[in-house]
Amino acid sequence: MSILKKNIFILTGAGISKESGINTFREKDGLWDNYKIEDVCTVEAFKKNPELVNSFYNERKKNLLDPKIKPNAAHFALAEFEKNCKNDFLVVTQNIDNLHEKAGSKKILHMHGSLEKAYCMYCNRKINYDFEITTNYKCKSCNNKGMVRVDIVWFGEQPKYLNQIYNFLEKTEVFISIGTSNNVYPAAGFIDFLDQLNKKILMYEFNLEKTCKSILFDKVFSGPATKTIPKFVEELIEKKS
Ligand code: NAD
């Protein structure tokens, strides 16, 4: 049966956005764009130095608003894949950028949050923001100052949409992992979860290099996502039956 008729789960990581000009996570000795991850990705870091954490995410947001940062051929190919899929299709991304949406993906969950949103840690008000978050910012709902933070899941916090994600995994027939190092859990554990279901599930990995989970996949496609994904999707659509 054509893959297009199956339930498809796509997991993406920082690698898919790399060729759009957004750096990945662990390229240079555990640094994310020259910051130490533990200095900017935990609640403790935010409590200790909110200015540093705010400025890190303000910089990421500013970078994303730069017109030069656009979805690439891999993002567009996934949107085309979704359009041609005859069954259920879901993209779960660990990325905090909005490039899948910009490329036209519709069913997408940002399990680590996104740079589109912020929230007040005091009253939980969600904010769609396009300004710089500073410690002087006063929440319009509860009037507390310095409590607004970016709506990104930090280390030690619960990723979002896990119920929806695991419900989808239960019925997944094709699992495709793209540009993730498989170092960050629970996303890195999805492949083990599927492996233990003892069902025939097609599992494909797309990456520049082998990862610690490559052995669990039926097929590993090596190379830049902008080349491997469009080719894969084009061939599926051509073969459509
Ligand atoms: P990671 O940085 O740990 O790994 C990236 C993976 O992508 C590596 O295995 C690398 O070999 C591969 N890769 C790099 N360029 C590629 C390309 N052109 N084509 C195919 N593969 C390529 O990323 P991760 O596993 O997603 O780590 C998770 C954390 O990084 C997430 O929590 C995420 O929020 C955060 N992050 C997100 C962004 C973003 O939103 N774009 C950027 C950096 C980090």
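This text follows the structure it describes.
Residues numbered from 1 in each chain as written. Predicted model: local features only at pLDDT ≥ 70, side-chain atom pairs only at ≥ 80, totals over all residues. Heavy atoms only, no water.

**Some points on the sheet that holds strand E10 (residues 202–207)**
Thinking step 1. Pairing within the open sheet is parallel, and its six strands lie in the order E5-E4-E1-E9-E10-E11. Across the chains shown, the open sheet's two edge strands, defined by having one partner strand only, are strand E5 (108–110) and strand E11 (219–222). Strand-to-strand, the axes of this sheet are offset by a mean angle of 15 degrees, without reference to chain direction.
Thinking step 2. In the sheet, strand E9 (residues 174–178) pairs with E10 via five bridges, with the strands oriented parallel. Bridge pairing in E10 links Val174 to Leu202.
Thinking step 3. Lying over the sheet, helix H7 (residues 162–171) contacts strand E1 (8–12), strand E4 (89–93), E5 and E9, oriented at roughly 130 degrees with respect to E1. (Pairing = 2+ DSSP bridges. Helix = DSSP H or I, 4+ residues; strand = E, 2+ residues; numbered from the N terminus. Axes fitted to C-alpha atoms, helices over the stretch in contact; angles between N-to-C directions. Contact = heavy atoms within 4.5 Å.)

**Quick look at the pairing of E1**
Thinking step 1. With five of its five residues buried, E1 lies for the most part within the structure.
Thinking step 2. Alternating residues of E1 divide into Ile8, Ile10 and Thr12 and Phe9 and Leu11, and every residue in both groups is buried.
Thinking step 3. Across five bridges, E1 lies against E4 in parallel orientation. In the strand pairing of E4, Ile10 is matched with Val91.
Thinking step 4. By the bridge criterion, five bridges tie E1 to E9 in an arrangement that is parallel. Note that in E9 the partner of Phe9 across the bridge is Phe175. (Buried < 20%, exposed > 50% of the residue type's maximum accessible area, 1.4 Å probe, protein only.)

**Details of the site of the ligand**
Thinking step 1. The full set close to the ligand counts 27 residues, and Phe25, Gln94, Thr180, Ser181 and Asn207 are the nearest of them.
Thinking step 2. Here Gln94 contributes a backbone N or O atom positioned 2.7 Å from an oxygen atom of the ligand.
Thinking step 3. Asp97 has a polar side-chain atom sitting 2.7 Å from a nitrogen atom of the ligand.
Thinking step 4. Compared with its free state, where it exposes 860 Å², the ligand has 94% of that area covered by protein.
Thinking step 5. When each cavity is represented as a set of grid points, the ligand is found to reside in the largest pocket.
Thinking step 6. Its residues assigned to classes, the shell around the ligand comprises nine nonpolar, 13 polar and five charged. (Near = heavy atom within 4 Å. Polar contact = N/O pair within 3.5 Å; in protein donor to acceptor, adjacent residues only side chain to side chain. Areas by Shrake-Rupley, 256 points an atom, 1.4 Å probe, with all protein chains shown as cover. 1 Å grid on protein atoms, 1.4 Å probe; cavity = no way out; pocket = protein on both sides within 12 Å on 5 of 7 lines; lining within 4 Å. Sits in = over half its atoms within 2 Å of the grid points. Nonpolar A, V, L, I, M, F, W, Y, C, P; charged D, E, K, R; others polar.)

**Points about the pattern of salt bridges**
Thinking step 1. Evaluation of the coordinates by the stated rule reveals ten salt bridges.
Thinking step 2. The salt bridge involving Glu235 is made with Lys231; its shortest N-O contact spans 3.3 Å. Highlighted residues: Glu235 and Lys231, both in helix H9 (residues 225–238), separated by four residues, approximately one helical turn.
Thinking step 3. We classify Glu235 as partly exposed; its relative accessible area is 38%.
Thinking step 4. Residue Lys231 is classed as exposed on the basis of its relative accessible area, which comes to 53%.
Thinking step 5. Salt bridges linked by common partners bring Lys126, Asp151 and Lys160 together as one network. (Salt bridge = Lys/Arg side-chain N within 4 Å of Asp/Glu carboxyl O.)

**Regarding unusual backbone geometry**
Thinking step 1. Along the chain, Tyr185 connects to Pro186 via a cis peptide bond; the corresponding omega equals 10 degrees.
Thinking step 2. With respect to the secondary-structure elements, Pro186 resides in the loop between E9 and helix H8 (190–196).
Thinking step 3. A positive phi is found at Asn143, a non-glycine position, where the angle reads about 70 degrees.
Thinking step 4. Of note, Asn143 is situated in the loop between strand E7 (126–128) and strand E8 (148–152).

**Digging into the packing of helix H5 (residues 73–84) against H9**
Thinking step 1. Two numbers describe how H5 lies on H9: the axes approach to 8 Å, and their chain directions differ by 20 degrees. By the angle class used here, H5 and H9 are roughly parallel. You can see that H5 and H9 cross each other, and the crossing is left-handed. Residue-level contacts link Ala73, Ala74, Ala77, Leu78, Glu80, Phe81 and Asn84 of H5 to Ala225, Thr226, Ile229, Pro230, Phe232, Val233, Leu236 and Ile237 of H9. (Parallel < 35°, antiparallel > 145°, perpendicular 65-115°, else oblique. Left-handed = near helix turned anticlockwise from the far one by under 90°.)

**Overview of the packing of aromatic side chains**
Thinking step 1. In total, this model carries 19 aromatic pairs according to the counting rule given.
Thinking step 2. Centre to centre, the rings of Tyr35 and Phe56 are 4.7 Å apart; their planes meet at 70 degrees, and the pair counts as edge-to-face. Taken together, the positions of Tyr35 in strand E3 (residues 35–36) and Phe56 in helix H4 (residues 50–65) put the pair 21 residues apart, joining distant regions of the chain.
Thinking step 3. Given a relative accessible area of 16%, Tyr35 falls into the buried group.
Thinking step 4. Residues Phe221 and Phe232 carry aromatic rings whose centres are separated by 5.5 Å and whose planes lie at 70 degrees to one another, so their mutual orientation is edge-to-face. (Phe/Tyr/Trp six-rings, centres within 6.5 Å; stacked < 30°, edge-to-face > 60°.)

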